[in-house]
Amino acid sequence: MATAASSGGVSDHQYVSVKLESSRLAALDLAPHLFGSHPAAGSWDPTKALPMERAAAAIWELSCVLPSRHETLDFKLLLKPKADSSECIVEEGPNRPLGCGSNQVEMTDAVFKLTEKDSLECKVWVETEMLSPFDLAASWKAHQENLQPSRVRGTYDVVMNTETEARDENDFASGLELDLEKYVVPTTPNMGSGVVYAANLTENPRSLLDTGISPNNLIKGDAPLNHYANTKKDVDGRHTPSQEEQKAVFVDRGVGSPRFARPTNETVSTSNIKQDSEAKLGMPAAEGAVAAAKLTRYLRWLGHETKHFNVGKYRRLKHGTNQTADFFRGDNKEGVEARNEVAALAMEDMLSWMEEGGQVGICDATNSTRSRRNMLMKMAEGKCKIIFVETICNDQDVLERNIRLKVQQSPDYAEQTDFEAGVRDFKERLAYYEKVYEPVDEGSYIKMIDMVSGNGGQLQINNISGYLPGRIVFFLVNCHLTPRPILLTRHGESLDNVRGRIGGDSSLSEVGEVYSRKLASFVEKRLKSERTASIWTSTLQRTILTAQPIIGFPKIQWRALDEINAGVCDGMTYDEVKKNKPEEYESRRKDKLRYRYPRGESYLDVIQRLEPVIIELERQRAPVVVIAHQAVLRSLYAYFADKPLEEVPKIEIPLHTIIEIKMGVTGVEEKRYKLMDAVNPTAEV
Ligand SMILES: O=P(O)(O)OC[C@H]1O[C@@](CO)(OP(=O)(O)O)[C@@H](O)[C@@H]1O
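Note on numbering: residues in each chain are counted from 1, in written sequence order. In keeping with the predicted nature of the model, local features appear solely for residues at pLDDT of at least 70, side-chain atom pairs appear and are counted solely at 80 or more, and the whole-chain, interface and lining totals rest on all residues. Excluded from the side-chain calculation are hydrogens and water; included are all heavy atoms of the structure.

Before going further, it helps to spend a moment on the packing of aromatic side chains. Only the six-membered ring of Trp is used, alongside the rings of Phe and Tyr, when aromatic pairs are assigned; centres must lie within 6.5 Å, and planes under 30 degrees apart are stacked while those over 60 apart are edge-to-face, with the rest tilted. Counting across every chain of the model gives 11 aromatic pairs. Taken together, a centroid distance of 5.1 Å and an interplanar angle of 40° make the contact between Trp-536 and Trp-558 tilted. With Trp-536 in strand β21 (residues 534-537) and Trp-558 in the loop between β22 (555-557) and α13 (574-580), the pair connects residues that are 22 residues apart, well separated along the chain. Here Trp-536 matches Trp-558 in class, with each residue buried. Joined through ring pairs, the aromatic side chains of Trp-301, Tyr-639 and Phe-640 make up one cluster. As a reminder, the over-ring test applies to NZ of lysine and CZ of arginine, requiring each to be within 6 Å of the ring centre and within 35 degrees of the ring normal. A cation sits over an aromatic face here: Arg-297 above Tyr-639, 4.8 Å from the ring centre. Under the scheme used here, helices are H or I runs from DSSP no shorter than 4 residues and strands are E runs no shorter than 2 residues, and both carry numbers assigned from the N terminus. Working definition: with a 1.4 Å probe on protein chains only, accessible area under 20% of the residue-type maximum means buried, over 50% means exposed, and in between means partly exposed.

Put simply, a residue is near a molecule or strand once any heavy atom of it comes within 4 Å of that molecule or strand. In the vicinity of the ligand, 15 residues are found, and the nearest of them are Arg-542, Tyr-574, Lys-592, Tyr-603 and Arg-634. For this analysis, a polar contact is any N or O atom pair within 3.5 Å, provided that within protein one partner can donate a hydrogen and the other can accept it, and provided that sequence-adjacent residues contribute only side-chain to side-chain pairs. Here an oxygen atom of the ligand sits 2.5 Å away from a polar atom, N or O, in the side chain of Tyr-574. In the complex, 94% of the free accessible area of the ligand, which totals 460 Å², lies under the protein chains. As a working rule, the residues Ala, Val, Leu, Ile, Met, Phe, Trp, Tyr, Cys and Pro are called nonpolar, Asp, Glu, Lys and Arg charged, and the rest polar, with Gly in that last group. Partitioned by chemical class, the residues of the shell around the ligand number 4 nonpolar, 5 polar and 6 charged. Using a 1.4 Å probe, accessible areas were evaluated by the Shrake-Rupley method; residue-level cover was limited to the displayed protein chains.

In the numbering used here, UniProt assigns the feature "binding site: substrate" (unreviewed entry) to Arg-490, His-491, Gly-492, Glu-493, Ser-494, Leu-495, Asp-496, Asn-497 and Arg-542. What stands out for the annotated residues spanning 53 residues is how close their C-alpha atoms remain, the widest pair being 14.0 Å apart. Among residues more than four places away in sequence, those in contact with Ser-494 are Ser-506, Ser-507, Leu-508, Ser-509 and Arg-542. Within the secondary structure, Leu-495 sits in helix α10 (residues 495-499). Those residues in contact with Leu-495, other than ones at most four positions away along the chain, are Ser-506, Ser-507, Leu-508 and Ser-509. UniProt positions are given in the numbering used here, feature names are shortened, and annotations may be inferred rather than shown by experiment. The criterion used for residue contact is that any of the two residues' heavy atoms lie within 4.5 Å.

We now examine the nonpolar core. Note that soluble globular proteins tend to have their nonpolar side chains buried in a common cluster. Counting 56 residues, the largest nonpolar core has Leu-561, Val-613, Val-626, Leu-636, Phe-640 and Ile-661 as its most contacted members. Apart from the residues lying within four places of it in its own chain, the contact partners of Leu-636 are Leu-561, Leu-610, Val-613, Ile-614 and Val-626. Nine residue types can take part in a nonpolar core, namely buried Ala, Val, Leu, Ile, Met, Phe, Trp, Tyr and Cys, and a core is a set of them joined through side-chain atoms within 4.5 Å.

Turning to the sheet that holds β22, a few remarks are in order. Strand order in this open sheet of 7 strands is β13-β25-β24-β20-β23-β21-β22, and the pairing throughout is mixed. Each edge of the open sheet carries a strand with a single partner, namely β13 (184-185) and β22. Here, any two strands with at least 2 DSSP bridges between them count as paired. When strand β24 (residues 657-664) meets strand β25 (residues 667-674), the two strands line up antiparallel, connected through 8 bridges. When the sheet's bridge partners are listed, Thr-657 is paired in β25 with Lys-674. In this analysis an axis means a line fitted to C-alpha atoms, helices contributing only their contacting stretch, and an angle means the value between N-to-C directions, from 0 to 180 degrees. Its contacts with the sheet place helix α11 (residues 510-526) against β20 (484-490), β21, β23 (624-628), β24 and β25, and it is angled at close to 175° to β20. Contacts from helix α16 (residues 630-641) reach β20, β23, β24 and β25, with the element oriented near 150° to β20.

So, on to the confidence of the model for the protein chain. A score between 0 and 100, pLDDT records how confident the predictor is in each residue. Chain-level pLDDT for the protein chain is 78 on average; 73% of the residues reach the 70-or-more range. Of all helices and strands in the protein chain, the one with the weakest mean pLDDT is strand β12 (residues 156-158) (27), whereas β23 scores best (98). A low-confidence stretch, residues 214-246 stays under pLDDT 50, and its non-local contacts, those more than four residues away or across chains, total 70 contacts. For this predicted complex, the interface score ipTM comes out at 0.93, while the overall pTM is 0.66.

In this section: the pattern of salt bridges. Salt bridges are defined as contacts in which a side-chain nitrogen from Lys or Arg sits within 4 Å of a carboxyl oxygen from Asp or Glu. The full count for this structure, using the stated rule, is 37 salt bridges. Close ionic contact of Asp-605 with Arg-596 constitutes a salt bridge, the shortest N to O distance being 2.6 Å. Residue Glu-647 pairs with Lys-643 through a salt bridge whose shortest N-O separation is 3.4 Å. Through salt bridges with shared partners, a single network forms among Glu-21, Glu-400, Arg-404, Glu-420 and Lys-427.

Attention shifts here to helix α15 (residues 603-619). One fewer than the residue count of a helix, multiplied by 1.5 Å, yields its expected span. Over its 17 residues, α15 extends 24 Å from the first C-alpha to the last, a length consistent with the 24 Å expected when each residue adds 1.5 Å. The largest bend along α15 measures about 40° and falls at Leu-610, with the proline Pro-612 one to four residues further on. The buried fraction of α15 is high, at 12 of 17 residues. All buried positions along α15 are accounted for by Tyr-603, Leu-604, Asp-605, Val-606, Ile-607, Leu-610, Glu-611, Val-613, Ile-614, Ile-615, Leu-617 and Glu-618. Each residue is assigned a bend, namely the angle between axes fitted to the seven residues that terminate at it and the seven residues that start at it.

Here the focus is the pairing of strand β6 (residues 73-81). In terms of residue burial, β6 counts as a mostly covered element, since 7 of its 9 residues are buried. With 7 bridges joining them, strand β2 (residues 30-36) and β6 adopt antiparallel strand pairing. The residue bridging His-33 from the neighbouring strand is Leu-78, located in β6. As paired elements, β6 and strand β8 (residues 96-98) share 3 bridges and run antiparallel to each other. Its bridge partner lying in β8, Phe-75 is registered against Arg-96. The pairing of β6 with strand β7 (residues 89-90) spans 2 bridges and is classified as antiparallel. In the sheet register, Leu-79 faces β7, and the bridge partner there is Ile-89.

With that settled, the discussion passes to the environment of Thr-366. By the element assignment, Thr-366 lies in the loop between β16 (360-364) and α6 (370-380). A polar contact is formed between the side chain of Thr-366 and the side chain of Tyr-433, at a distance of 3.2 Å.

For α6, the complete set of buried residues consists of Arg-372, Arg-373, Leu-376, Met-379 and Ala-380. Down the axis of α6, the smallest arc covering the buried residues is 120°, so these residues share one side. Exposed and facing more than 90 degrees away from the buried side of α6 are Ser-371 and Lys-378. After α6 finishes, the residue Gly-382 shows a positive phi value of roughly 75°. The directions considered for the arc are those from the helix axis to the C-beta atoms.

Looking now at the packing of helix α7 (residues 396-409) against helix α8 (residues 419-436). Their axes nearest at 9 Å, the elements α7 and α8 cross at an angle of 115°. Relative to α8, the element α7 is oriented roughly perpendicular. The chirality of how α7 crosses α8 is right-handed. Within the contact between the two elements, α7 uses Glu-400, Ile-403, Arg-404, Lys-406, Val-407 and Gln-408 and α8 uses Phe-419, Glu-420, Gly-422, Val-423, Phe-426, Lys-427, Arg-429 and Leu-430. Its residues assigned to classes, the contact of α7 with α8 comprises 6 nonpolar, 2 polar and 6 charged. Orientation is classified from the angle alone, with under 35 degrees giving roughly parallel, over 145 giving roughly antiparallel, 65 to 115 giving roughly perpendicular, and any other angle giving oblique. Crossing chirality is assigned from the near helix's rotation relative to the far helix, an anticlockwise turn below a right angle marking it left-handed and a clockwise turn marking it right-handed.

As a further point, take the environment of Val-613. Topologically, Val-613 is positioned in helix α15. In sequence terms Val-613 and Leu-561 are 52 residues apart; their C-alpha atoms lie 8.0 Å from each other. Ignoring any residue separated from it by four or fewer positions in sequence, one finds Val-613 in contact with Trp-536, Trp-558, Ala-560, Leu-561 and Leu-636.

Now for the side chain of Arg-484. Here Arg-484 lies in strand β20. A polar side-chain atom of Arg-484 sits 2.9 Å from the main-chain carbonyl oxygen of Glu-618. Leaving out residues up to four positions away in the same chain, Arg-484 has contacts with Leu-617, Glu-618, Arg-619, Gln-620, Arg-621, Ala-622, Ile-661, Lys-662 and Met-663.

Here we take up the environment of Gly-422. Position of Gly-422 relative to the elements: it lies in helix α8. Classification of Gly-422 by relative accessible area gives buried; the value is 0%. Gly-422 sits 10 residues away from Asp-412 along the chain, and the two C-alpha atoms are 9.1 Å apart. Gly-422 has contacts with Val-407, Tyr-413 and Gln-416, leaving out every residue within four places of it along the chain.

Right, dumping it as structure tokens:
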């Protein structure tokens, strides 16, 4: 919902987002709504309450933009039965006041009395943020063209140009159904569904399998058992790890320095933490494992043999998945030995893999004591260089959210039926880590402090040098885990596509022009609730023309997004290459990844020139629509999908299809929308 901003010019405005979280609500036949004192929120009439949209499995959200100097608004949440119009259930307690003119995130509880004996407790986050005039103008302009008084709430909504509103006859085909889900097409299981726990996607423990641990102990969603057997053969000379090439083990501390938030109902002594007594919780493994997974994906995509070893996974395989907090006590001798043992097993596996040719191993674990870190350093001595990566987070709301995400997703709590008990147990585990925590100050290290909450943060590096470590630091500085969509699409069909000619700089065919208008409608609808976004194209006209009908978002042309340079074959058809340059044709057919057109490029060259684009995509916090080309999008997609480089030149990137990549704390998810019928493209799908 985009509430009408004040009509008088563009002044400061306030972005408001109300999120409700409950792991029980989805199973109840109740839909969360918001109502309150403002007419747009129903003036306290429950029948005019605003529905909250499902944002994740257990999260519902309603966001809007208000003039910053609005009178104080009061609101409350309520649950409406979906099946019938019986009485709705208003949350207990006083009205919620919505202040104006501030940036803050407030987390509270909401209690709904379901019956005399049963009530539903939910978490509620109210986020307010001042919007700069640019933010507002950019997103406002995107709505101006399509604003129609809503038929439902009397407030402005973005509506699609439905049949009756098609601009004119030949534009009829560019209209899109209101429901984008209609265009979703099944995707091959390339990416995480967003519900697989990041640590499960790490390397399978060969050491444990050697000791007879049965494969069926592996938790669902693990990489195939014979993962080592699949170790990719080296990419060409550019990446064969030479003996003198620096080999590094990045011991990602994953869980971060366990400095704990005060659980809401108690204070925890932080006296034994060097930092001030306000020290708070470190980032739970969920984010550590995801950050390690992102780093692994990035290095692999650049052609460096990289593997991610998660010690939590080793622990679960060897000791099961129902360890309570006691297992992690610093004074639990057996627990400490068991944890050190699995850490050593993971390290052994990683070191032996590196002796087989691995370049970068990531050992993802807590490693919160000097003794543990010394053990790892001793094991690596003379074999490879160790760099510790420590993640530290002091943002209470981010931490609370991630603890709950961890308990929701980790196999450690898969059998825990009481969610809150799981949260308490995990917080107890973190308290035990805190008691023994010793900040990293030895050897080479990278400390990432408060870089998750999106307000900049700090990076401390010590004794870091060399190409690979330098690339690691650069990547970690730029990446974050804030969820946002990235939309990838090729340009509309070009005249050269019709003629089967490669490269070139032709304009769009009629079908390609219809696609460009459909894409504009799709972008307006898909990004309507986003405060801002950007549109990236190459410098070739088929992408620029495809982007033209999109309004209200800044457009940026990247030369790095230009299609693969076919050199002397540019403008030819594949048949002409085969006929006139049979040796070139044959060489490319044999090794499409490494083959370089004479006076042109290979796919490996394209990947190298796309690295700055990947870094910039990782850095973005707002959605990005990338309109590019077949070879370029194959290369970008391979990064997000963590595809082996050998597969890149064969990845399916059809015309007139949008690939939505959703990146966030749960990893990478994919969704594909086909906007046009391939056979009869201008027909209404
Ligand atoms: O690597 P291959 O499979 O040849 O695909 C790249 C070719 O795809 C094409 C279309 O044939 O890209 P696009 O139309 O997306 O710009 C050519 O321009 C480009 O040379």
